[in-house]
Every structure is written in C-alpha cells, then in structure tokens.
Amino acid sequence: MKRNKTRKDQAPPVKTLVEQIETLITPSLTSMGFELVQVKFIDTRTGQTLQIMAERPDGSMSLDDCAALSRQVSAVLDVEDVIQNEYRLEISSPGIDRPLVKLADYEKYTGHSAKIETALPINGRKKFTGTIKPVEGEEVILTVDGKDHRLPFIDIASAKLVLTDALIKAHQKRAVS
C-alpha cells in the first residue's frame, strides 16, 4: 500500500479512501491494544474485499482478536459511511511474511530477506529480492547478489518479507518472549 508519501516540494495529496479509513479506524484499534499494519481493497470475482491487517505490539493476533476487531471496525465504518460500494470486511494478521509498509518496518526487519517492487525503475529494474540493511534517511538499502541498492522509500510500490528459516526462528523467538 502506498502511504501518504510526498516529496518536500509537492503539495500534500487529497486523502484517498484507504487513508480515510486508516484515519477513522486507527484510534479504535489503538485503544484495543493493536497496531494497524495495512488497509487495502482487493477486487475478487464476487466483489470487493476491504482487508485490514493489524497485530498487537508483540506481533500476536488470535482468532478472538480478529472477531473483536471486526465488530469494532464494522461499527466505525457503518457510522462514518465513507465506503459507497458493497464490500466484504476481512480482518487478519500480517503473517510471518508480512508486508513492509513503513520505514520502521525495514528497521525492525534489518538482516531479513525482502521482495521489493518500485514504482519506477532504479538502475534499470523494478523488482528486487535481497537482504534488508539499516535504513539511511528516507532510503531503504537492500543487498542483492552482494551489491547494495538504495531504494527511495517514496518510490517503493510494494514490499514484503520473504519466508526463510531465519525469519521463522525470529518469529518463534518473539512469540516466546
């Protein structure tokens, strides 16, 4: 999901529907002890699905948590009525191979593998798979085949962690502590 990323010399854009939904539901999620990971619409054969990914600060999310969040988010969206079309609401955890949405996500998962796609070609390519290095300013550094690539955060269209043994071990370690 493209966050409200703008360059300093550009006027801030009008909020998209996804950004409006994020603004509306974040206070409820936060008060319930959750962090919003991502909001997006998915087109399916049977209509649109509004997918909301959230988790507790420790990365956990139970089925009961999903049900409670679903009830709360449904209530907020019904009252605010910002979505004009019919949709299905889906609440889920981001999973182990989670999307990387904020700069802080790259910091948190430094040393792990990620797949990143940029909106524009960088060094002649748009798709990168490699190891996340520490963020420098507004740039994500990804090591691909021994070479570092500096990817401006504003130009990242989508990114997610790659499921590896190291990521699974790190996730299990977080779940135990």
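The structure contained in this document is the topic of the report that follows.

Rules used in this analysis
Each chain has its residues counted from 1, running along the sequence as written. Only residues with pLDDT of at least 70 are given local features in this predicted model, and only at 80 or more are side-chain atom pairs given and counted; all residues enter the totals for whole chains, interfaces and linings. Calculation of side-chain values draws on the structure's entire complement of heavy atoms; hydrogens and water are dropped beforehand. The term salt bridge refers to a pairing of a side-chain nitrogen on Lys or Arg with a carboxyl oxygen on Asp or Glu at a separation within 4 Å. Counting from the N terminus, the helices are DSSP H or I runs at least four residues long and the strands are E runs at least two residues long. Burial classes: relative accessible area under 20% of the type maximum marks a residue as buried, over 50% as exposed, and values in between as partly exposed (1.4 Å probe, protein chains only). Only the stretch in contact is used when fitting a helix axis, every axis being a line fitted to C-alpha atoms; angles between N-to-C directions are given from 0 to 180 degrees. Throughout this description, any angle smaller than 35 degrees is read as roughly parallel, any larger than 145 degrees as roughly antiparallel, any in the 65 to 115 degree range as roughly perpendicular, and the remainder as oblique. Two helices cross in a left-handed way if the nearer one is turned anticlockwise from the farther one by less than a right angle. They cross in a right-handed way if the turn is clockwise. Contacts are residue-level and defined by heavy atoms, with any inter-residue pair within 4.5 Å sufficient. Paired strands, as defined in this entry, are two strands with at least two bridges between them according to DSSP.

Quick look at the pattern of salt bridges now. Scanning the entire structure with this criterion turns up 6 salt bridges. Note that Glu 55 and Arg 98 form a salt bridge whose closest N and O atoms lie 3.0 Å from each other. Residue Glu 55 is located in strand S2 (residues 47-55), and its partner Arg 98 is located in the loop between strand S3 (87-92) and helix H3 (103-108); the two are separated by 43 residues in the primary sequence. Arg 98 carries the same exposure label as Glu 55, and that label is buried. Of the charged contacts, one joins Asp 97 and Lys 160 as a salt bridge, the two residues approaching to 3.4 Å between their closest N and O atoms. Residue Asp 97 is found in the loop between S3 and H3, and its partner Lys 160 is found in strand S8 (residues 156-161); the two are separated by 63 residues along the sequence. The structure contains a network of salt bridges with shared partners spanning Glu 136, Glu 139 and Arg 150.

Let us now look at the packing of helix H1 (residues 17-31) against helix H2 (residues 63-80). Where H1 meets H2, the closest approach of the two axes is 10 Å, and the angle between their N-to-C directions is 135°. Here H2 runs oblique to H1, going by the angle between their axes. As for the relative orientation of H1 and H2, their crossing is right-handed in sense. Between H1, through Ile 21, Leu 24, Ile 25, Ser 28 and Leu 29, and H2, the contact on the second element is made entirely by Leu 69, Gln 72, Val 73, Val 76, Leu 77 and Glu 80.

Another aspect to go through is the sheet that holds S2. In spatial order, the strands read S1-S2-S3; together these 3 strands make up an open sheet with mixed pairing. Each edge of the open sheet carries a strand with a single partner, namely strand S1 (35-44) and S3. Direction aside, the axes of adjacent strands within the sheet are offset by 20° on average. Summarising the sheet, S1 and S2 pair through 9 bridges and their orientation is antiparallel. Residue pairing in the sheet places Val 39 in a bridge with Ile 52 of S2.

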